[in-house]
Structure formats: structure tokens, C-alpha cells
Amino acid sequence: MADKTLAPQQARSRESMRKLLKAAAQVLGQHGLEGATIPRIAQHAGLTPGAIYRRFPDKDALLETVIIGIFERQDERIRVMLTPAMARQIPLAVFAEQLISNMLVSYRANAGLMRALRQFAQGRDHTSFYKKVTRLEMRTYQYMVELFLVHRKEIKHRDPQMAVSFALMMLTSALIELILVDHDMKNWQAVIPKDDQSLKRELLRSFLCYLGIEQRGC
């Protein structure tokens, strides 16, 4: 009888944890780091604050678990959805366009959450949490480099691996600066693309030109 009772309890506990972590991510995205309070997260998850504190000693411990889970799932999704064999079937320019388009959409849709993640990580560079997140980010980043390198022969840069690595870094940095950094962009309006279609076009052009892929305007 004990075993029969334990299984549903464990299932309920896992479901409760899943709902809690999902709610915490949603609250982070909607209300930012300061607004992601334990009472607000508890209400969003349909739990009591006490139920959260029985699982986590404080908000930081909860958010660390949430953020690590986000990076782990991101890495898993990429590896399942896109293998080197799949990437090999997609022309390099089309692959780059799809990546940039998906990243731009994702950054726009998840700007609040991504901004909160960056803010939370700041100042934690000497913690085990930060080191784990960095390892996960680099694991995903290196996998993306490997996917592009299945087209190594098309890349005209003298060092294809360095070129892809640097091009991806420039792409990510541009999206972070233009979408996630919370500052007044009015002084930059004259020199940045006016809409996302124009932005995607310019990001793609700079990405491919750096790799040595012939494009109009290179």
C-alpha cells in the first residue's frame, strides 16, 4: 500500500514543481527581476508562499533553478530540432537566414525574460550557478558553430571556425544591444534599421559577408 500511495504523491510533487518553475519564468518575463516576488510567483502558480519556501530557501535559489532549466531546455531543443545531417541539407545562406529570423523573433518575444536573466546573472560571476550557466551557453554556442561548419567548404574566410564563431558572437551582441539593453535609442535611430525586416536583412548581409559568402552589398 505504501508504494501505491507514494507514486501519486511523487507525480503530484513533480507537477507542482513544474508549475512553480513555469510560473516563475512567466512572472520574470512579465514583471522583471524586481517584480518577481515570492508572493506573486506563488499566486501565479496556484501555490502558497509557504509551499515555495518548503522547496527553496529564498528567491535566488528558486531563480537559479529556473534559469538553469531554461538554458538546459534550450540546448536540448536545438539538438533535437536540428542535427548536423539536417543542417547539411540546408544551403548555408538559407540556414543563416533562418537562424537570424528565429533569433530576432525569439529576442522580441522573450525580451523581458531575457533581460531579467541577464540582470540576475550580473554580479554572480564567481558562483557555481554562473559557471554552470556559462558552460550551458557555451555548449549551445559551440553546437551552433559545428552546424555551420558542415558547410565549411563554402566559407571563404581563411579560418572558417574562427569566422563562424566571431560572426555568431557579433550577431548575438547586436541583438542584445538593440533589443535587450534598456536604454534610450533615440540618438541611434538615424543609423540603425527602421524595422525588423530591414534589421534582419542587414544582419544577414553582415553575417554572410564576414564568412566570405558573396552577397550584393558586400
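See the structure shown above.
Conventions we followed
- Residues numbered from 1 in each chain as written.
- Predicted model: local features only at pLDDT ≥ 70, side-chain atom pairs only at ≥ 80, totals over all residues.
- Heavy atoms only, no water.
- Helix = DSSP H or I, 4+ residues; strand = E, 2+ residues; numbered from the N terminus.
- Buried < 20%, exposed > 50% of the residue type's maximum accessible area, 1.4 Å probe, protein only.
- Contact = heavy atoms within 4.5 Å.
- Areas by Shrake-Rupley, 256 points an atom, 1.4 Å probe, with all protein chains shown as cover.
- Salt bridge = Lys/Arg side-chain N within 4 Å of Asp/Glu carboxyl O.
- Expected span 1.5 Å × (residues − 1).
- Polar contact = N/O pair within 3.5 Å; in protein donor to acceptor, adjacent residues only side chain to side chain.
- 1 Å grid on protein atoms, 1.4 Å probe; cavity = no way out; pocket = protein on both sides within 12 Å on 5 of 7 lines; lining within 4 Å.
- Points joined across faces, edges and corners; volume = space filled by probe spheres on them.
- Core = buried A, V, L, I, M, F, W, Y, C linked by side-chain atoms within 4.5 Å.

Q: Requested: an account of the overall build of the protein chain, with residues and values cited.
A: On a plain count of helices and strands, the protein chain comes out with ten helices and zero strands. Counting from the amino terminus, the protein chain carries its helices and strands in the arrangement α-α-α-α-α-α-α-α-α-α. When each of the 218 residues of the protein chain is scored for burial, the buried share is 37%. Of the contacts made within the protein chain by residues no fewer than 6 positions apart, 70% connect residues no fewer than 24 positions apart. In the form shown here, the protein chain has an accessible surface area of approximately 13,400 Å², with 53% of it arising from carbon and sulfur atoms.

Q: Any details on the pattern of salt bridges? Residues and values, ideally.
A: Taken as a whole and judged by the stated rule, the model has seven salt bridges. Glu15 serves as the salt-bridge partner of Arg18, at 2.7 Å between the closest nitrogen and oxygen. Residue Arg18 and its partner Glu15 are located together in helix α1 (residues 2-35), separated by three residues, close to a single helical turn. Judged by its relative accessible area of 35%, Glu15 falls in the partly exposed class. When the shortest N-O distance is used, the salt bridge between Asp60 and Arg124 registers 3.0 Å. Of the two residues, Asp60 sits in helix α4 (residues 59-81) while Arg124 sits in the loop between α7 (111-121) and α8 (128-148), which places them 64 residues apart along the sequence. Among the residues examined, Asp60 registers a relative accessible area of 33% and is labelled partly exposed. Classification of Arg124 by relative accessible area gives buried; the value is 18%. One network of salt bridges, in which partners are shared, links Asp75, Arg79 and Arg139.

Q: Mind laying out α4, listing which residues take part and the relevant values?
A: In this model α4 runs 33 Å from its N-terminal to its C-terminal C-alpha over 23 residues, within 8% of the 33 Å that 1.5 Å per residue would give. What α4 keeps buried is the set Leu62, Leu63, Val66, Ile67, Ile68, Gly69, Ile70, Phe71 and Asp75. Near the N-terminus of α4, the side chain that reaches the backbone nitrogen of Asp60, with its oxygen 3.3 Å away, is that of Asp58.

Q: So, the layout of surface pockets: which residues are in play, and what are the values?
A: Its volume calculated, the largest pocket comes out at about 1,700 Å³. In this structure, the largest pocket is lined by 41 residues; those nearest its centre are Gln74, Met103, Tyr107, Met114 and Thr140. Elements supplying a minimum of two residues to the lining of the largest pocket: α4, α6 (92-109), α7, α8 and α9 (160-180). Per element, the largest residue contribution to the lining of the largest pocket is nine residues, and it comes from α8.

Q: Go over the nonpolar core with me, naming the residues and quoting the values.
A: Among the nonpolar cores identified, the biggest contains 36 residues, and Phe148, Phe207 and Leu211 are the most heavily contacted of them. A total of nine residues in this core trace back to one element, the largest contributor, which is α9. With sequence-adjacent residues up to four places away left out, Phe207 is seen in contact with Ala96, Ile100, Phe148, Ala167, Leu168 and Leu171. By size, the runner-up hydrophobic cluster in this structure holds 26 residues, among which are Ile52, Leu63, Ile68 and Leu117.

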